[in-house]
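Residue-level listing of the chains:
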Amino acid sequence: MITAELELHRPGSVAEALDLLARHGDDAKILGGGMSLVPTMTLGLARPEIVISLNHVPELRAITEDAATATLRIGGTARHNDVIASPLVARHAPLLADAARHIGDVQVRNRGTIGGSVAHADPAADYLPTLVALAASVVVRSTRGERVIPAAEFFIDVMATALAPDELIAEIRVPSQGAARGAYRRLARVEGSFAIVNAAAVVRPAGSGASVVAIGGVAGAPVVVDASAAVAAGLTEAALAAFEDAVRTACPQPFEDLNGDAEYRREMAVIHARRALLAAAGAAAA
Ligand SMILES: Cc1cc2nc3c(=O)[nH]c(=O)nc-3n(C[C@H](O)[C@H](O)[C@H](O)COP(=O)(O)OP(=O)(O)OC[C@H]3O[C@@H](n4cnc5c(N)ncnc54)[C@H](O)[C@@H]3O)c2cc1C
């Protein structure tokens, strides 16, 4: 039960939301889908005096494309189910829709938003390694202006991001996958639970950028391993063994908890990174 008194604001435009954030900053919390914020308030872990709901700002929920730059633009309050159902996401970034399909259960996918997940920055969230592998950017706005932050720089540590208290996540920009192919793999105890580790692979055709695998659940922020050499070598067993060693090196001290110790998590990261890479390369070959 939420016992502390709070003021709820329901701005109808981005400008109004930014004005509220500028005035209340540290005392305020943005409400997206409420899937993470409400439980933390119920437990007393967050006690905002002001809550600013973004649920009445229709422009923040739009999913559009910028044809000139082949960029997908996903509004910060787009629900996980909006991402899953969007024909534009299916055309430009099918890997993102694949990751979204794994999030929680049907209620969570109906209410939870991409901006909320990115702001919350749980290290095992399904979007985090996916956005990093896709070289996406997070567009944040405040009354001071707009910043476009590469996802690889936005996620800093466990639930710590580059977002300032007076900023909101307005949009996620994803460059179109084009001829690149992606695959997402995750380890979870049961259907609907958070991943223990997850891995998103993007394999690009020769000469069009690096092939990478981004891994979540092992460190405060997604860990990126370059898979270009393994792909160029035809993913032979020797090349895959070298890639696996690179994953181990990139995960020197994974988290330890009831789901597993550091060594278990590291080896699960290796297995899921390999599976994601092979699946993406298979799709690329096809
Ligand atoms: C039972 C359950 C299972 C789940 N399973 C998974 C899972 O398997 N995989 C997974 O990835 N996630 C999972 N989640 C988390 C889910 O994806 C949430 O939707 C997400 O973490 C938060 O999104 P939200 O829109 O609900 O944000 P909220 O709860 O509204 O907000 C979360 C935080 O982000 C801030 N915030 C929200 N929107 C913005 C914005 N636009 N700009 C700036 N700050 C903002 C809030 O102030 C708050 O600090 C699960 C959640 C639950 C309850």
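In the block above lies the structure referred to throughout.
Before going further, it helps to spend a moment on the overall build of the protein chain. Within the protein chain, the secondary structure is distributed over twelve helices and 14 strands. Over its C-alpha atoms the protein chain spans a radius of gyration of 19 Å, differing by no more than 12% from the 19 Å that the globule rule assigns to 286 residues. The proportion of buried residues among the 286 residues of the protein chain is 48%. The long-range fraction of contacts in the protein chain, counting pairs at least 24 apart against all pairs at least 6 apart in sequence, stands at 60%. Surface accessibility of the protein chain: about 12800 Å² in total, with carbon and sulfur atoms responsible for 54%. Each charge class in the protein chain was averaged separately, 25 positive and 31 negative side chains, and the resulting centres sit 5 Å apart.

Around the ligand there are 30 residues in total, and Ile-30, Met-35, Leu-37, Thr-113 and Asp-126 lie nearest to it. Between the ligand and Ile-30 there is a distance of 2.6 Å, counted from an oxygen atom to a backbone nitrogen or oxygen. For the ligand, an oxygen atom lies 3.1 Å from a polar atom in the side chain of Arg-186. Breaking the shell around the ligand down by element, the ones donating at least two residues are strand E2 (28–31), helix H7 (114–120) and strand E10 (168–175). Grouping the amino acids of the shell around the ligand by side-chain chemistry returns 13 nonpolar, 14 polar and three charged.

Here strand E14 (residues 223–226) shows a buried face lined by Val-223 and Val-225 and an unburied face lined by Val-224 and Asp-226. Inspection of the sheet shows strand E13 (residues 212–216) paired to E14 by four bridges, in the antiparallel sense. Bridge pairing links Val-213 to Val-225 in E14.

Position of Phe-255 among the secondary structure elements: in the loop between helix H11 (237–250) and helix H12 (262–285). The exposure class assigned to Phe-255 is partly exposed, which follows from its relative accessible area of 28%. Spatially, the C-alpha atom of Phe-255 lies 35 Å from that of Asn-55, the residues being 200 residues apart in sequence.

Right, let's get into the sheet that holds E13. Across the sheet, four strands lie side by side as E11-E12-E13-E14; this open sheet has antiparallel pairing. Both edges of this open sheet fall to strand E11 (181–187) and E14, since each of them pairs with a single strand only. Shown here is a sheet whose adjacent strand axes are inclined to one another by a mean of 15 degrees, direction ignored. Pairing of E11 with strand E12 (residues 197–203), which is carried by seven bridges, proceeds in the antiparallel orientation. When the bridges of E12 are listed, Gly-182 appears paired with Val-202.

Cut-off values and rules
- Residues numbered from 1 in each chain as written.
- Predicted model: local features only at pLDDT ≥ 70, side-chain atom pairs only at ≥ 80, totals over all residues.
- Heavy atoms only, no water.
- Helix = DSSP H or I, 4+ residues; strand = E, 2+ residues; numbered from the N terminus.
- Rg over C-alpha atoms; globule rule 2.2 N^0.38 Å.
- Buried < 20%, exposed > 50% of the residue type's maximum accessible area, 1.4 Å probe, protein only.
- Contact = heavy atoms within 4.5 Å.
- Areas by Shrake-Rupley, 256 points an atom, 1.4 Å probe, with all protein chains shown as cover.
- Lys, Arg positive; Asp, Glu negative; His and termini not counted.
- Charge placed at Lys NZ, Arg CZ, Asp CG, Glu CD.
- Near = heavy atom within 4 Å.
- Polar contact = N/O pair within 3.5 Å; in protein donor to acceptor, adjacent residues only side chain to side chain.
- Nonpolar A, V, L, I, M, F, W, Y, C, P; charged D, E, K, R; others polar.
- Pairing = 2+ DSSP bridges.
- Axes fitted to C-alpha atoms, helices over the stretch in contact; angles between N-to-C directions.

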